[in-house]
Every structure is written in structure tokens, then in C-alpha cells.
Amino acid sequence: MDESRGLHKCLNECSGRGACQHNFCKCQPGSWGDDCSLGKDSKVAVPAAAVRPLIYVYDMPPRFTSWLAAFRKGDWSRDHWYGVDVIMHKMLLKSRHRTLDPAQADFFFIPLHLSLGYYSHRYYFKHFTQPAHKPLRDAIAYVKKTWPQHWERHGGRDHMMVMTQDQGNRYVRVQVPESAPLMMIHHWGAPPDKALVDGMPQGDHIKGQDVCVPPFHGEQAKLNRWIPKQLNAEQGGCMVNGMPTFACDAPSIDFTALRLTPAESTFKREMFFSGKMNLNWGRHYSLGVRQAAYRAHKTHPRVLIMTFDNGVMEKVPMQQHVQNYATSKFCLAPAGYGFSSRQYECVLVGCVPVVIQDDVEMAFEEVLPWRRFSLRLNLSDIPILPELLARVPAAHVARLRRGIGCVWPRMLWLAPGLYDDKTDKDKTIVASRPFDAFETTMWALRDRLGLPSNESWRARGSQSCVEETGDEAELDLNALRAQVRAEGVSLSKDAKDVADIISDWQATGDDLKFAMKTRFFPGGVKIPGVKWT
């Protein structure tokens, strides 16, 4: 079984210098390390003097890493959604940023693969829970006891760890105080003093200390319209009699067309969204954005909102799902229970994300200008959302789409081995690797060190990165809001109701009242077709 492909995987396949036995690398004589990469004839290179940051990776006992996968089958090293703790570890072990000299290190990485135990060990995927306290405490204690001089150098503030739960490191520092100095790499940028629900913070992202990064999206190749059609969900559209044509080699998105301003008539709708609603959760889910948008605009002729929970099933085949994104002017990107995949899916498909996540920091926001490839709106904009989006000039949509063409690699983890062999070797993917999420994480860390950098947020090494004069022009959203309100646009009854609900919530902060009003129609009539749990 240990030799079976996809079962009992080991870190970096033991670098070809050991045997994989029940998730643990048993290294050949003269080799050592988590992935057997160290020792005689090691391929781990001494980093060049110009490479920064330099990161020292602790060699932790397998009880903190690969042994947590003992109950899992399949390739646990690239887990859908939550596997960045494993992916980051694997990539650092092979990275030019790795140093074997702790005296050189800018940062120290503590491997802890909690995601492998979210189900089997009840560590839980939504937020940090009691069963996960012990492995975190034990990992920190092991580092402090084994390498006290490294921890004491800066009191642990130069040590980093990955937390991939929906709500990032919420509860971590409160429940395991010894973790307080750590730099947390996670997916949910809600701060400890804002984005409150029932008076409680929904996250613990400390700006300037923690790093918000994208999750690993298991379907990202299928959704990616920047790569050849034969590799994404549109492959059926380029086949003839089951055989690929020349069209299969072309990306789904025409890069030359990015230079043009689309006609308004090419947009089938102002906005698209598909996903869970949890209509009976109130602001505990999505900070109330999904529920308010559904309630206000479900029947709007220029908005397509599809859900597949609460007794409603509106799922469509992947190819149609991608087309719903691709033919929309904008696509809604709200939060979920914590982080959501939607802003990343939008970027992959090429639809401009409308991010409504008040006070939540986006992935790499400290180095990436999200206003160049997304529209950032507020909860209070939801009642006038279709009217507001309709008034965004098509020329600005074109600017934002070109921005997406330049930034999409930074939203993906593109290390070799994360995808099937054909996708791994695709020239677009290979050319994009120097700009992927791992390299952007290194850029964010380099920026923390205050080092000079000529790095551009635009992945100019990618053919999809098209630039035009005027792409730095700003959009005055406040002027657009004023225009919509000055025109006295007639809102639907549902949109007016949501406007009143949001206005009342802003005045009172009553989350329970918000939940009840978005859960029911006025008069207490339940939303048709919805099964309540």
C-alpha cells in the first residue's frame, strides 16, 4: 500500500532519498530532514546573498506533521481548501528562500499540519477548537525547549505558522496565549476590533503581524480561463468527435480583446453569484451580505443569484457555472463563515469581483492594490447594487479586467505536483510560477523587512498581463452613489425592505433583529422554497 500512488504520501516524495512509510520519510543513510533533503549530495542550495527573506524551517517530529494524515486516503499533501499549511511547508523545504543557518534567518517557520486532523482529530475546519489546543501548545513548547536561542532572539515575533480554518486564527491567541507573538499565515483578514457580530469579533487578523493569503482551491484548474481550454471546464467546447482541435491550445480569454472596451450589450447581467446562503444564520454567516443580497435582488432581471442550500437546489454543470461568471459584468464576492473562495474564482474566470466584506483585509492587500482589479463596496450599497453596477463605465470594467489578467497568478499556488501532469507542464502555468501565491507571500515578507524592491503587482512575465494608457485612472464610487440617489431610482419592494433593515442595523447594531428580518418576509411569512433548519 505504501507504494500505491496517491496513498500514504510523504513530504516531497522524500526527495528521492528515502522510503515513504506510513506518511513518514525513512531516509537513506547520510540523509535526513522531514523530506530527506539534507545530508550528503543534498540539492538544497545555499541561498544567494541577494535572496530575501531567508527562512529557517524547523525539523519537527512527525506527530506535528505527516502522522496526522495516517487516517486519510488519497493525496493529503494538497487538500482542497485547507491544505496551505502542508503546501507552504513543502514549498519552503525546496525554496531558494530556505536557509540552513539560523543566524542568517529573517524568519522561522514552525510546521504544524492541523488541517490533516480537521475531521479525524476534531480540530475543526471552521475555527480553532479545544482539541487543537494541545498540538499547538506542544509544538510551541517543543520549539522553545529545543531551540531556545532562536525563540528568544525576538521573543517569537519572527516565528510563523499557518492556520487555514475558515475564520483563520480566531480564538487561537485567546485560548493558547503562548501563540500571541507568532505571525499567523491564514486566509481570513477580519481584525479583532471590527467586523463584530453579537459584539464578538469574527477574526483575529493583526495588521502588520499576520499575513492573509489565498486558500488552495481544488477546482482552480477547471475554473481558470487564463489557461488553454483543454485544461479547464471549457474543454468540451473545443473538441470535435472527442478529439482536440487547435482551439484547445488557446486560452478561454482572448488576451488581445482585453485591450478593447466591451459594449454594454455584451453583459448578460449586472451581477452573478452562486453559493450557500444560510438564510437563517444572520450576520454570523457572510456578515449578512449573502442574505441581504438574496433578499433584495433574487428576482431582479439583471441579477442572477443561485443557491444550493436551505432546501433550494440551483446547481448547474461546471461549464455553465463558468459561463455564468464569464458573461456577467460583475460577480459578487462576499465572505462565507469566514474566508470565501468567491474573489479567487472571479479572478480565475475573469469576472470583476464585487467585494463586500466590510473591514476585512484581502489576501496580500499590503502589497496588491485590489482597487485595480476589483470593486470594493459596502453592506449599505446592497439595496442599490444593480443600479450602482450599471453605472460603472464599461471602460473601467476593461481596466479592471486587464488588472485581473496581470494578477491572477498571485491568487494561485502553482508549485509542481499540485495539479495533474498536463496542467503542471503547461507553458502558461510554468511562466506564472514566479508570481504565484508562494512567491507573493515571500514578497509580502520582504516588504515587512523594509527592503527595497522593484517588484510590480502586475505579473508582467505572463502573456495575459496587458496594459493600456490610463489603466491607473481611479473610479469615484462616492460620485456614483450620489448619482444613483440623485436620480431617484425606483427600488423594488424587496430592495426597499433591505435598505430599511440595514439602516436599522446601522443605527442599533442589533444582530438578532437583522437575522430575523433577513430570515423572514414582513409579516413573518417564510421565504418560499426554503427549508429551515
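Nothing here was measured: the structure is a model prediction, and the numbers come from that model.

Peer 1: Give a description of the packing of helix H7 (residues 318-326) against helix H8 (residues 342-349) that names residues and reports values.
Peer 2: For any two helices packed against each other, one specifies the crossing angle of their axes together with the interaxial distance. Orientation of H7 relative to H8, taken along the N-to-C sense of each, is 85°, at an axis distance of 9 Å. Classified by the angle between their axes, H7 and H8 sit roughly perpendicular to one another. Together, His 321, Val 322, Tyr 325 and Ala 326 of H7 and Arg 342, Glu 345, Cys 346 and Val 349 of H8 make up the contact between the two elements. Looking at the contact of H7 with H8, its residues break down into five nonpolar, one polar and two charged.

Peer 1: Can you lay out the packing of aromatic side chains for me, pointing to particular residues and giving the numbers?
Peer 2: All chains considered together, the criterion is met by 20 aromatic pairs. Judged by centre distance (4.9 Å) and plane angle (45°), the ring pair of Trp 370 and Phe 373 falls under tilted. The buried category is assigned to Trp 370, whose relative accessible area is 6%. Looking at Phe 373, the relative accessible area reads 0%, which means it is buried. One aromatic cluster in this structure is built from Tyr 56, Tyr 58, Phe 64, Phe 108, Tyr 142 and Trp 147. Between the NZ or CZ atom of Lys 126 and the centre of the ring of Tyr 337, over which it lies, the distance is 5.1 Å.

Peer 1: Quick one: what's the story with the confidence of the model for the protein chain, residue by residue and with numbers?
Peer 2: Low-confidence regions, as indicated by low pLDDT, have predicted coordinates that should not be scrutinised in detail. Mean pLDDT for the protein chain: 91, with 94% of residues reaching 70 or above. Note that pLDDT drops below 50 for residues 521-527; the model gives that stretch 16 contacts with residues more than four away or on any other chain.

Peer 1: Tell me about the layout of surface pockets, residues and numbers included.
Peer 2: Put simply, the largest pocket is a space of about 820 Å³. Along the wall of the largest pocket there are 30 residues; nearest its centre are Trp 81, Lys 276, Phe 308, Ser 341 and Arg 342. Of all elements in the fold, only H7 and H8 reach the threshold of two or more residues within the lining of the largest pocket. For the lining of the largest pocket, the class distribution of residues is 12 nonpolar, nine polar and nine charged. Every residue lining the second largest pocket is counted, 28 residues in all, and those nearest its centre are Lys 94, Ala 415, Pro 416, Gly 417 and Leu 418. Secondary structure elements with two or more residues in the lining of the second largest pocket: helix H1 (84-94), helix H11 (421-424) and helix H13 (437-448). Here the lining of the second largest pocket gets four residues from one element, more than from any other, and that element is H1. In terms of residue class, the lining of the second largest pocket is built from nine nonpolar, five polar and 14 charged.

Cut-offs and rules
- Residues numbered from 1 in each chain as written.
- Predicted model: local features only at pLDDT ≥ 70, side-chain atom pairs only at ≥ 80, totals over all residues.
- Heavy atoms only, no water.
- Axes fitted to C-alpha atoms, helices over the stretch in contact; angles between N-to-C directions.
- Helix = DSSP H or I, 4+ residues; strand = E, 2+ residues; numbered from the N terminus.
- Parallel < 35°, antiparallel > 145°, perpendicular 65-115°, else oblique.
- Contact = heavy atoms within 4.5 Å.
- Nonpolar A, V, L, I, M, F, W, Y, C, P; charged D, E, K, R; others polar.
- Phe/Tyr/Trp six-rings, centres within 6.5 Å; stacked < 30°, edge-to-face > 60°.
- Buried < 20%, exposed > 50% of the residue type's maximum accessible area, 1.4 Å probe, protein only.
- Lys NZ or Arg CZ within 6 Å of the ring centre and 35° of its normal.
- pLDDT = per-residue confidence, 0-100.
- 1 Å grid on protein atoms, 1.4 Å probe; cavity = no way out; pocket = protein on both sides within 12 Å on 5 of 7 lines; lining within 4 Å.
- Points joined across faces, edges and corners; volume = space filled by probe spheres on them.

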